[in-house]
Amino acid sequence: MPHARANGITIEYESHGPEDGDAILLIMGMGGQLTQWPLGLIELLAAKGFRVIRYDARDVGLSEKMDAAGLPDMEAVATAVAQGDPAPVAYHLDDMAADAVGLLDALNVRKAHIVGASMGGMVAQLVAADHPDHVLSLTSIMSTTANPDLPAASQELTEQFTRTPPDPHEDPEGFVDHMLSHWRLTRSPAYPVDEGFVRAQFAADVERSTYPAGPAATTPPSSPRPTAVPS
């Protein structure tokens, strides 16, 4: 797949559809590779004349890893956020928004429809807020502004997302089971999906790239403005 230099780092991406069509930039959530955007959806959009761009965020998939930063001190991050102080982190969601804009610039895309899912929706919101000249529209899917006055996640979901997954190198099947547990808690029962298909997708993602530090380095703490990202 192609890659581009954007905001000082290397970003892995795919572009589908006519290059002269209105662009749609797809931003996946925490730890999710570009492959989490269904190819069938992309093909439908491309058939409508859109140029559809999906990419691996920093610390994810085949994009550049922030290895030198190390893992965050989550206790220090939580303390800083609780006190309203800047979190001691290597980069922020604002930086990830700048990555997205940098990719558009590298691909000579002046404006795009910005679509983000989960944490990708937070990044998409920041693209729209801080880089409106690059935005045709904003679609934020199953996401949040991180406003603490919003309803909190369920205890079951919180426990699942803070549970340490098996090492994908040593136990790939266990890691896929862990990801399926995430999926079962976040999916909508109104839209049935073949679990076997989802399992195969997660297994393919593990084979494509296994970087357990990535999700740990891109977990945004709660804050009124979703900018702090531990790394």
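Structural data are supplied above this passage.
Residues numbered from 1 in each chain as written. Predicted model: local features only at pLDDT ≥ 70, side-chain atom pairs only at ≥ 80, totals over all residues. Heavy atoms only, no water.

1. Thoughts on the side chain of D56
Tracing the backbone shows D56 in the loop between β4 (51-55) and α2 (74-82). Only 2.8 Å separates the side chain of D56 from the backbone nitrogen of L34, close enough to count as a polar contact. Once residues lying within four places of it in the same chain are set aside, the contact partners of D56 are I11, E12, Q33, L34, G61, L62, S63 and R208. (Helix = DSSP H or I, 4+ residues; strand = E, 2+ residues; numbered from the N terminus. Polar contact = N/O pair within 3.5 Å; in protein donor to acceptor, adjacent residues only side chain to side chain. Contact = heavy atoms within 4.5 Å.)

2. Here's the deal with the environment of L71
Along the chain, the position of L71 falls in the loop between β4 and α2. Judged by relative accessible area, L71 falls into the exposed class, the value being 58%. As for L71 and V81, which are separated by ten residues in sequence, their C-alpha atoms are 17 Å apart. (Buried < 20%, exposed > 50% of the residue type's maximum accessible area, 1.4 Å probe, protein only.)

3. Overview of the sheet that holds strand β7 (residues 135-141)
The six strands lie next to each other as β1-β2-β4-β3-β6-β7, forming an open sheet whose pairing is mixed. The sheet is open, and its two edges are formed by β1 (3-6) and β7, each paired on a single side. Adjacent strand axes in the sheet meet at a mean angle of 25°, parallel and antiparallel pairs treated alike. Taken together, the six bridges between strand β6 (residues 112-117) and β7 define a ladder with parallel strand orientation. Each residue of the ladder has a partner; that of V115, found in β7, is T139. In the packing of helix α3 (residues 93-106) onto the sheet, contacts are made with β1, β2 (9-16), β3 (23-27), β4 and β6, and the angle to β1 comes to roughly 120°. (Pairing = 2+ DSSP bridges. Axes fitted to C-alpha atoms, helices over the stretch in contact; angles between N-to-C directions.)

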